[in-house]
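Each chain, letter by letter, is given below.
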Amino acid sequence: HISLEVNPVHVCVAHHMLDFAHLAISGEVRPGLVKDVLSMVLEEVGQRSLCFSFMDHRGTIFHHDAALLEKYLLQAAHST
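Since the model is a prediction, treat every value here as computed from it, not as a measurement. (Residues numbered from 1 in each chain as written. Predicted model: local features only at pLDDT ≥ 70, side-chain atom pairs only at ≥ 80, totals over all residues. Heavy atoms only, no water.)

Comments concerning the overall build of the protein chain
So, point 1. Across its full length, the protein chain holds three helices and two strands.
So, point 2. Secondary structure of the protein chain in N-to-C order comes out as β-α-β-α-α.
So, point 3. Dimensions of the protein chain along its principal axes, counting C-alpha atoms only, are 40 × 30 × 15 Å.
So, point 4. Accessible surface, the protein chain as shown: approximately 6,200 Å² in total, 62% of it carbon and sulfur.
So, point 5. Between the mean site of the 5 positive side-chain charges and the mean site of the 9 negative ones, the protein chain shows a separation of 6 Å. (Helix = DSSP H or I, 4+ residues; strand = E, 2+ residues; numbered from the N terminus. Areas by Shrake-Rupley, 256 points an atom, 1.4 Å probe, with all protein chains shown as cover. Lys, Arg positive; Asp, Glu negative; His and termini not counted. Charge placed at Lys NZ, Arg CZ, Asp CG, Glu CD.)

As structure tokens, then:
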């Protein structure tokens, strides 16, 4: 499980919560915006490894990030 967080404080809190719950081995929190980090994450874990996505956004950036995610998933579907 990988979570992307923009706010560095949220990254630290999420790391702490994973450590506290002894789940750090099964979860990872990465700093950055979806548009900057998504391609790297999908390259590392594989574009076809995504089975669930929860996007908690404010404003209109959600539509841009959702379109980017859809683009990567469609590329993965057509590459087989």
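Still to come is the rest of the account.
What about the nonpolar core?
A general tendency of soluble globular proteins is for nonpolar side chains to be buried together.
So, point 1. One finds Val34, Leu38, Leu42, Leu68, Leu69 and Tyr72 forming the largest nonpolar core, which totals six residues.
So, point 2. The set of elements that each furnish at least two residues to this core consists of α2 (34-45) and α3 (61-78).
So, point 3. Sequence-distant contacts of Leu42, defined by excluding residues within four places in its chain, comprise Gln47 and Tyr72. (Core = buried A, V, L, I, M, F, W, Y, C linked by side-chain atoms within 4.5 Å. Buried < 20%, exposed > 50% of the residue type's maximum accessible area, 1.4 Å probe, protein only. Contact = heavy atoms within 4.5 Å.)

As for the pairing of strand β2 (residues 28-31)
So, point 1. Bridge count between strand β1 (residues 2-5) and β2: four bridges; the pairing is parallel. The residue bridging Ser3 from the neighbouring strand is Val29, located in β2.
So, point 2. In this fold, the crossover linking β1 to β2 by way of helix α1 (residues 8-20) has right-handed handedness. (Pairing = 2+ DSSP bridges. Right-handed = clockwise from strand over helix to strand, strands pointing away.)

Examining unusual backbone geometry
So, point 1. Residue His22 is not a glycine yet carries a positive backbone phi of 55°.
So, point 2. Position of His22 relative to the elements: it lies in the loop between α1 and β2.
So, point 3. Take His22: its relative accessible area is 71%, and that puts it in the exposed class.

Focus on the pattern of salt bridges
So, point 1. Taken as a whole, this structure holds three salt bridges when the rule is applied.
So, point 2. For Arg30, the salt bridge is made with Glu28, and the minimal N-O distance between the two is 2.7 Å.
So, point 3. Of the residues examined, Glu28 reaches a relative accessible area of 36% and is grouped as partly exposed.
So, point 4. Here Asp36 ties to Lys35 by a salt bridge, and the two come within 4.0 Å at their closest N and O atoms. (Salt bridge = Lys/Arg side-chain N within 4 Å of Asp/Glu carboxyl O.)

Any functional reading would require information beyond the geometric quantities listed.
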